[in-house]
Amino acid sequence: SSGINAEWPLRPGGCDVVVAADVVFDPSILPSLAKTINIILKTSSAREPVCYICSTVRNKDTYSTFLTALADQELAVEELKLAVRSCYLETGVDNDVRLLEIKIK
């Protein structure tokens, strides 16, 4: 059993690459986000499905929670190098920018 709910809106095989930005901000949704990424990648018909998530790290604990949620889903995570590693936002704080490549182990 794939563990997919019958009401899941995506059809198996329908996604090769997932791209998302600024989705790691609320710790309460991160386990569900990681599970959704896992389901999308595992139901893909692509030979090597992949998910790229770019995040501005505003809260290190929240970002760490996301990495833990991905590990709990047994996903392979690699941080890719970016030409720009920081972002100065309206808050006056220089924020760290990270790009993750997420795959099935």
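Computed from a predicted model, the values in this text were never measured in an experiment.

Colleague: Break down the overall build of the protein chain for me, citing the residues and quoting the values.
Modeller: Regarding its fold elements, the protein chain presents two helices and five strands. Expressed as a percentage of the 105 residues in the protein chain, the buried residues total 30%. In the protein chain, the proportion of contacts linking residues at least 24 apart, taken out of those at least 6 apart, comes to 72%.

Colleague: Before we move on, could you go through the nonpolar core and cite the residues and values that matter?
Modeller: Ranked by size, the top nonpolar core spans 19 residues in total, and within it I37, C51, I53, F66, L70 and I102 carry the most contacts. At the level of secondary structure, the elements contributing two or more residues to this core comprise β1 (17–21), α1 (30–42), β2 (50–57), α2 (60–72) and β5 (94–104). Counting residues per element, this core draws most heavily on α1, which supplies six residues. Excluding residues within four positions of it along the chain, C51 makes contact with V18, I37, L41, L100, E101 and I102.

Colleague: Explain the pattern of salt bridges to me, using residue names and the numbers behind them.
Modeller: One pass over the full model with this rule turns up five salt bridges. Two residues, E101 and K103, come together in a salt bridge whose shortest N-O distance is 4.0 Å. With a relative accessible area of 14%, E101 lands in the buried category. One salt-bridge network, held together by shared partners, links E48, E101 and K103.

Colleague: Please provide a residue-by-residue account of the side chain of S44, values included.
Modeller: Locating S44 in the fold gives a position in the loop between α1 and β2. The exposure class of S44 is buried, given its relative accessible area of 12%. A polar side-chain atom of S44 sits 2.5 Å from the main-chain carbonyl oxygen of C15.

Colleague: Just give me the short version of unusual backbone geometry, but keep the residues and values in it.
Modeller: The phi dihedral of D22 is positive, around 55°, even though this residue is not glycine. Tracing the backbone through its elements, the reader meets D22 in the loop between β1 and α1. Unusually for a residue other than glycine, E74 sits at a positive phi of about 60°. Along the chain, E74 turns up in the loop between α2 and β3 (75–80).

Cut-offs and rules
Residues numbered from 1 in each chain as written. Predicted model: local features only at pLDDT ≥ 70, side-chain atom pairs only at ≥ 80, totals over all residues. Heavy atoms only, no water. Helix = DSSP H or I, 4+ residues; strand = E, 2+ residues; numbered from the N terminus. Buried < 20%, exposed > 50% of the residue type's maximum accessible area, 1.4 Å probe, protein only. Contact = heavy atoms within 4.5 Å. Core = buried A, V, L, I, M, F, W, Y, C linked by side-chain atoms within 4.5 Å. Salt bridge = Lys/Arg side-chain N within 4 Å of Asp/Glu carboxyl O. Polar contact = N/O pair within 3.5 Å; in protein donor to acceptor, adjacent residues only side chain to side chain.

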